[in-house]
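Below are the chains, spelled out letter by letter.
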Amino acid sequence: ETAVVSMRSFSFFPKFPRNKPSFENLNQVERKLWLKQLVEAVNKNIFRINKTNMGTTLLAGNRRRDKVTLASVGDSRAYLYDPNTPTQIIKQITKDHVWPNTRGILSSVIGLDKYIPKIGIFDFTIPKNGSLLLCSDGLWKFVDSDNIARIIALSDSAESATTRLVDEATNNNSDDNISAIVIRN
C-alpha cells in the first residue's frame, strides 16, 4: 500500500513554473516556495486517499552540484558530514517536528490532515568531499552521531556507507523502519 501511495503522490506534484527553464535557475525564494507547494500537494493527495489514522514523515529536495534545498516534515533527518574539520563533525541540518515534553510525538506529518502544520525548508552546501545523509528515526535513534560520522568516514562509497549505516541500526535492534540515503560531494 505504501508503494501505491507513493505512486499516486508523484502524479500530483505541482506543475513547474512555465516561465523558468529549470528548477536550478529559480532564485532561492522561488525554489523554497516551489518545494513548499510540492510538499503541500503531496500531502493533500495522500490525505485524500489515506484510510488510516496515520501519517508519515518526509524529506524532499533538490541538489545542484554542492547546493541543496531540502523540505522536511516530521522527524526524518538530514545530516552533513564534513571531513575537512579537525574533528570530522556531523551536523544535523533539519529540526524534528515533535511536541515539547513528549517522547517523540510528532507535531507535523504528511497525510493526516489536509494542511501541514509545519514544513521546514533548508538551504545548505555539502562541503568538499563531504556527505549528506537523509535518514529515518529507525536509523538515528539507534546509531549515535559519532558512529554515523565514523561509518561515513570509513566507507569508500556512498552506497557502502548507506549499507553499513542500515546494518548498524539493525544490529542495534532498531524497532522502527530504517531508511537511509548517503550522497557524496
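Presented here is a report on the structure given in the accompanying data block. (Residues numbered from 1 in each chain as written. Predicted model: local features only at pLDDT ≥ 70, side-chain atom pairs only at ≥ 80, totals over all residues. Heavy atoms only, no water.)

1. What about the overall build of the protein?
Along its length, the protein carries five helices and seven strands. Starting at the N terminus, the α and β elements of the protein follow one another as α-α-β-β-β-β-β-β-α-α-α-β. Burial status across the protein gives 39% buried among its 185 residues. Per element, the accessible surface of the protein, about 11000 Å² overall, is 51% carbon and sulfur. (Helix = DSSP H or I, 4+ residues; strand = E, 2+ residues; numbered from the N terminus. Buried < 20%, exposed > 50% of the residue type's maximum accessible area, 1.4 Å probe, protein only. Areas by Shrake-Rupley, 256 points an atom, 1.4 Å probe, with all protein chains shown as cover.)

2. Considering the packing of aromatic side chains
Applying the stated criterion across every chain yields a total of zero aromatic pairs. Its guanidinium or amino end placed over the ring of Trp140, Arg77 lies 3.3 Å from that ring's centre, counting from NZ or CZ. (Phe/Tyr/Trp six-rings, centres within 6.5 Å; stacked < 30°, edge-to-face > 60°. Lys NZ or Arg CZ within 6 Å of the ring centre and 35° of its normal.)

3. Details of the sheet that holds strand β2 (residues 67–73)
Ordered in space as β1-β2-β5, the three strands form an open sheet in which the pairing is antiparallel. A single partner strand is all that each edge strand has here, and the edge strands are β1 (58–64) and β5 (120–125). Neighbouring strand axes in the sheet, compared pairwise and without regard to direction, differ in orientation by 15° on average. Alignment of β2 against β5, held across six bridges, turns out to be antiparallel. (Pairing = 2+ DSSP bridges. Axes fitted to C-alpha atoms, helices over the stretch in contact; angles between N-to-C directions.)

4. A look at the side chain of Ser174
Mapped onto the elements, Ser174 comes out in the loop between α5 (158–171) and β7 (180–184). Here the side chain of Ser174 touches Gly138 through a polar contact of 2.7 Å, landing on its backbone oxygen. Apart from the residues lying within four places of it in its own chain, the contact partners of Ser174 are Gly138, Phe142 and Ala169. (Polar contact = N/O pair within 3.5 Å; in protein donor to acceptor, adjacent residues only side chain to side chain. Contact = heavy atoms within 4.5 Å.)

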